[in-house]
Amino acid sequence: MSFRSIEQLLRRNSKIKISQSIANGIHDQKEEQSVQTLRESLLASNQLPEKFDDHHVLLRFLRMRGFNIIKAKEMFLNMLKWREDCAVDTIAKDFKFEEFDALKRCYPHGFHGVDRFGRPLYIERIGSVDLSKLMQVTSIDRYIKYHISEQEKTLSLRYPACSLAAKKHISSTTAILDVKGLGMNNFSKAAREMFIEIQKIDSNYYPETLHQLYIINAGSGFRALWKVLKAFMEARTLKKIQVLGTNYLSTVLEAVEPSNLPEFLGGTCTCSATGGCLLQDKGPWTDAGIIRASKEPSARHVDPTCGRKRTLGMLLLEDNQVANQMSGNTHQKQANEQISGKIQELEDCAAQTKETLETLICKQKELAIHIEQLRKLVRDDVLPEKNTNIQTLK
Ligand SMILES: [Zn+2]
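Thresholds, definitions, all that
- Residues numbered from 1 in each chain as written.
- Predicted model: local features only at pLDDT ≥ 70, side-chain atom pairs only at ≥ 80, totals over all residues.
- UniProt positions renumbered as here; feature names shortened; annotations may be inferred.
- Pairing = 2+ DSSP bridges.
- Helix = DSSP H or I, 4+ residues; strand = E, 2+ residues; numbered from the N terminus.
- Axes fitted to C-alpha atoms, helices over the stretch in contact; angles between N-to-C directions.
- Contact = placed C-beta atoms within 7 Å.
- Buried ≥ 20, exposed ≤ 12 C-beta atoms within 10 Å, placed from the backbone.
- Expected span 1.5 Å × (residues − 1).
- Arc of directions from axis to C-beta.
- Parallel < 35°, antiparallel > 145°, perpendicular 65-115°, else oblique.
- Nonpolar A, V, L, I, M, F, W, Y, C, P; charged D, E, K, R; others polar.
- Core = buried A, V, L, I, M, F, W, Y, C linked by C-beta atoms within 7 Å.
- Left-handed = near helix turned anticlockwise from the far one by under 90°.

- If you look the chain up in an unreviewed UniProt entry, it shows as CRAL-TRIO domain-containing protein from Triticum aestivum.
- Listed in UniProt under the heading Sequence similarities (unreviewed entry), the comment for the chain reads: "Belongs to the SFH family."

So, in structure tokens, the structure goes:
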């Protein structure tokens, strides 16, 4: 079966769960309609700033509210109001977090490359936080501002760069939270308040930006604490969280290449040249070539974030282009990894198609049997009638 016919099949059968990567290129018709309705409603009341007039942004709010247009609109407007009240644009532009280096020393956290799909990978060793020191180097208020500025950076820089590097739409993050040593006793009231405040900001104003969170090294102390923290989290967010013990590695490696996972978590990366994995903001967003490419006008027509429909064929073509551009230079390995990833996606897609075809063939057989049974009923009913007619005629 050619890719073209797979694509046609996928488009025809809306019940097929298309692999996520391809669904990101081909907009679901129902989603497209919901986005359009929400967009028109916001435009009609003059409440859609240009920077948020984007298919994927509106889709995030719709998904978070189960495609209820009224609730999604309410959530979107609350986000706009919060941005204005907290001067989020000013934080994003002007906020200087001078205590960044000091904070990193007592609170190891940061972005570190990408997951196998190409999403930013965020790692936080919350179990190693020196809370008393943290409160000495910064305040809750400043830490929250720093968190907001990082969220803004992720939306405006990390996702577009990852989309360009992976040649598919990326708008969510994979995160690893190492809670080794963390429990009720060392998670103070101030830390809990900060956690809850950040949770509130993320789920209310940056919905659907978490793809998957792996909580690792969870001991009995953390599990007791988790019961309390869970109460403050949305059900949709909780579904994306896996709480794992010390045998987390195989699960995490399903999502992250060993080369992108720091050595202290069981991977192979040490970032020895730059002083350690969580000290530098490593990822496609720091790659000068990617940043330059994202600014070029030609990037627009291959930019997966511009919200245009892309067919599977286009996706494949773009992958070939990536391979061509990257071959022969230092990005060869990266290109190979991307191609391997794409092969995996297409294999998943083909497997799903096969499954659907088998279901359809089964259904067709059932229908054929049912039709035959109905025909038999008609024959059985009609025949005596004919006999009666024949007898009458005689
Ligand atoms: Zn590293």
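### Observations concerning the sheet that holds strand 2 (residues 120–124)
Inference 1: With mixed pairing, five strands are arranged side by side in an open sheet as 1-2-3-4-5. Edge positions in the open sheet fall to strand 1 (109–114) and strand 5 (241–243), since each of these has one partner strand only. Adjacent strand axes in the sheet meet at a mean angle of 20°, parallel and antiparallel pairs treated alike.
Inference 2: Bridge analysis of strand 4 (residues 210–216) against strand 5 gives three bridges, and the strand direction is parallel. Looking at the pairing, leucine 213 lines up with isoleucine 241 of strand 5.
Inference 3: Against the sheet, helix 9 (residues 140–166) makes contact with strand 1, strand 2 and strand 3 (173–178), and its axis sits at roughly 125° relative to strand 2, the strand it touches most.

### Things to note about the pairing of strand 3
Along a regular strand, successive side chains alternate from one face of the sheet to the other.
Inference 1: Counting buried positions over the six residues of strand 3 gives six, a clear majority of the element.
Inference 2: Side chains of strand 3 alternate between two faces, with Thr173, Ala175 and Leu177 and Thr174, Ile176 and Asp178 buried alike.
Inference 3: Bridge count for strand 2 against strand 3 is four bridges, and the pairing is parallel. Bridge pairing in strand 3 links glutamate 124 to leucine 177.

### Some remarks on helix 3 (residues 29–44)
Inference 1: Taking 1.5 Å per residue as the helical rise, helix 3 with its 16 residues ought to reach 22 Å, and the 22 Å between its terminal C-alpha atoms agrees with that figure.
Inference 2: Among all positions in helix 3, only Val35, Leu38 and Leu42 are buried. Around the axis of helix 3, the buried residues are gathered within 65° of arc, so they sit on the same side. Structural note: helix 3 exposes Gln29, Lys30, Gln33, Gln36, Glu40, Leu43 and Ala44 on the side pointing more than 90 degrees away from its buried face.
Inference 3: Those residues of helix 3 that are buried lie in contact with helix 4 (55–64) and helix 5 (69–85).

### Details of unusual backbone geometry
Inference 1: Despite not being glycine, alanine 87 has its phi angle at roughly 50°, a positive value.
Inference 2: With respect to the helices and strands, the residue alanine 87 is situated in the loop between helix 5 and helix 6 (88–94).
Inference 3: Backbone geometry at glutamate 208 places phi at a positive 60°, although glycine is not the residue there.
Inference 4: Assignment of secondary structure puts glutamate 208 in the loop between helix 10 (189–205) and strand 4.
Inference 5: By the C-beta count within 10 Å, which is 19 here, glutamate 208 ends up partly exposed.

### Considerations on the packing of helix 3 against helix 4
Inference 1: Interhelical geometry of helix 3 versus helix 4 gives an angle of 95° and a closest axis separation of 9 Å. Here helix 4 runs roughly perpendicular to helix 3, going by the angle between their axes. In contact with Glu31, Ser34, Val35, Leu38 and Arg39 of helix 3, helix 4 contributes His55, Leu58, Leu59 and Leu62.
Inference 2: Of the residues assigned to the contact of helix 3 with helix 4, the class counts are five nonpolar, two polar and two charged.

### Examining the nonpolar core
Inference 1: Residues Cys162, Ile176, Val179, Ile216 and Val252 are the most contacted members of the largest nonpolar core, which totals 37 residues.
Inference 2: Among the elements of the structure, strand 1, strand 2, helix 9, strand 3, strand 4 and helix 11 (220–230) are those that each provide at least two residues to this core.
Inference 3: In terms of residues, this core owes the most to one element, helix 9, which gives six residues.
Inference 4: Excluding anything up to four places from it in sequence, valine 179 contacts Ile126, Gly127, Ile215, Asn217, Ala218 and Phe222.
Inference 5: Within the second largest apolar cluster, twelve residues are counted, among which are Leu48, Leu58, Phe61 and Ala72.

### Here's the deal with the packing of helix 9 against helix 10
Inference 1: Look at helix 9 against helix 10: their axes get within 11 Å of each other, and the N-to-C directions meet at 30°. Taken as axis vectors, helix 9 and helix 10 run roughly parallel relative to one another. For the pair helix 9 and helix 10, the crossing hand works out as right-handed. Note on element contacts: helix 10 touches helix 9 through Ala190, Glu193, Met194, Glu197, Ile198 and Ile201, opposite Ile140, Tyr143, Ile144, His147 and Ile148.
Inference 2: A per-class count over the contact of helix 9 with helix 10 returns eight nonpolar, one polar and two charged.

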